Amino acid sequence: MKLVFATANPGKVREAAEILGKGFDIITAAEAGITEEIPETGNTFRANSLQKAEYIYKKTGLNCFADDSGLEVDILGGGPGVQTARYSGEDHNADRNMAKLLREMARREAEASIMREMGLSTPHATRKARFRTSAALILNGEIHFFDGVMEGSIARERRGDGGFGYDPVFIPEGMDQTNGELGEAFKNTISHRGKALRAMAEYLKG
Ligand code: ITT
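Caption draft 1: Structural detail: the pattern of salt bridges. A complete count under the given rule lists 23 salt bridges for this structure. Between Glu15 and Arg193 there is a salt bridge, and its shortest N-O distance comes to 2.8 Å. Highlighted residues: Glu15 in helix H1 (residues 10-20) and Arg193 in helix H6 (residues 192-205), separated in sequence by 178 residues. Owing to a relative accessible area of 0%, Glu15 belongs among the buried residues under this scheme. For the salt bridge of Asp95 with Arg158, the shortest nitrogen-to-oxygen distance reads 2.6 Å. Taken together, the positions of Asp95 in helix H3 (residues 94-117) and Arg158 in the loop between strand S6 (142-154) and strand S7 (170-172) put the pair 63 residues apart, joining distant regions of the chain.

Here it is in structure tokens:
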């Protein structure tokens with residue numbers, strides 16, 4: 001089955017091809033002739049994934065899907081959330097994004113520690129976080145959503161260079177290593193994207 005993937009992120013394309021496997025012919029937005037940046041202005045992962053898929057569907061009329069994803073960090077009040085890709089700026093730079101994340105978390109931890117020293121009550125500083133994906137599929141004009149979550153925590157420094165984006169600082173729950181160290185093949189078996197896209201594949205096969 002031919003599906004256009006409404007993304008400009010090569011890491012997502014690589015993972016989707018492996019997760020969906022044989023039987024799916026994944027065409028990138030660029031291969032479908034869409035080379036401009038696809039607008040993404042929503043406040044939720046679902047709103048953004050739908051916006052990206054609808055953009056492609058309106059321009060091509062082809063069956064397509066989009067993935068909007070991001071990191072929710074407890075000590076940052078659930079941020080950066082839908083701002084994950086552009087956390088440190090519009091250039092989507094993974095090195096600067098991870099550096100800002102580690103810096104902001106260290107600042108919040110220091111603030112919490114000062115408050116405790118002053119005898120002020122403060123929520124327990126945790127490094128818990130999760131990746132979330134909303135996949136929006138448009139099949140023959142009908143919209144379907146598939147969601148996935150990967151729980152975990154944020155490492156104190158970058159480790160490994162597998163995967164993409166924030167993978168070198170994300171430790172999945174129950175593991176000692178980061179996604180960067182675990183590598184993409186294993187990550188796909190437990191990831192937010194793996195869960196969402198396998199659910200989509202099941203639906204399409206059914
Ligand atoms: P498209 O919108 O073109 O698909 P994007 O990179 O802008 O690409 P998002 O708006 O969904 O995608 O941003 C999600 C960001 O969250 C992404 O750029 C990464 O920095 C991060 N991210 C999402 N999934 C990730 C994963 O599996 N591993 C590491 N980082 C991830």
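Caption draft 2: View of the packing of aromatic side chains. Under the criterion given, the structure shown has three aromatic pairs. Residues Phe131 and Phe170 carry aromatic rings whose centres are separated by 4.7 Å and whose planes lie at 45 degrees to one another, so their mutual orientation is tilted. Taken together, the positions of Phe131 in strand S5 (residues 128-139) and Phe170 in strand S7 put the pair 39 residues apart, joining distant regions of the chain. For Phe131, a relative accessible area of 7% puts it in the buried group. Taken together, a centroid distance of 5.9 Å and an interplanar angle of 50 degrees make the contact between Phe146 and Tyr203 tilted. Placement of the pair is Phe146 in strand S6 and Tyr203 in helix H6, with a sequence separation of 57 residues. On the basis of relative accessibility, which here comes to 38%, the residue Tyr203 falls in the partly exposed class. When the ring centre of Tyr87 is taken as reference, the NZ or CZ atom of Lys100 above it lies at 4.4 Å.

Definitions and limits used
Residues numbered from 1 in each chain as written. Predicted model: local features only at pLDDT ≥ 70, side-chain atom pairs only at ≥ 80, totals over all residues. Heavy atoms only, no water. Salt bridge = Lys/Arg side-chain N within 4 Å of Asp/Glu carboxyl O. Helix = DSSP H or I, 4+ residues; strand = E, 2+ residues; numbered from the N terminus. Buried < 20%, exposed > 50% of the residue type's maximum accessible area, 1.4 Å probe, protein only. Phe/Tyr/Trp six-rings, centres within 6.5 Å; stacked < 30°, edge-to-face > 60°. Lys NZ or Arg CZ within 6 Å of the ring centre and 35° of its normal.

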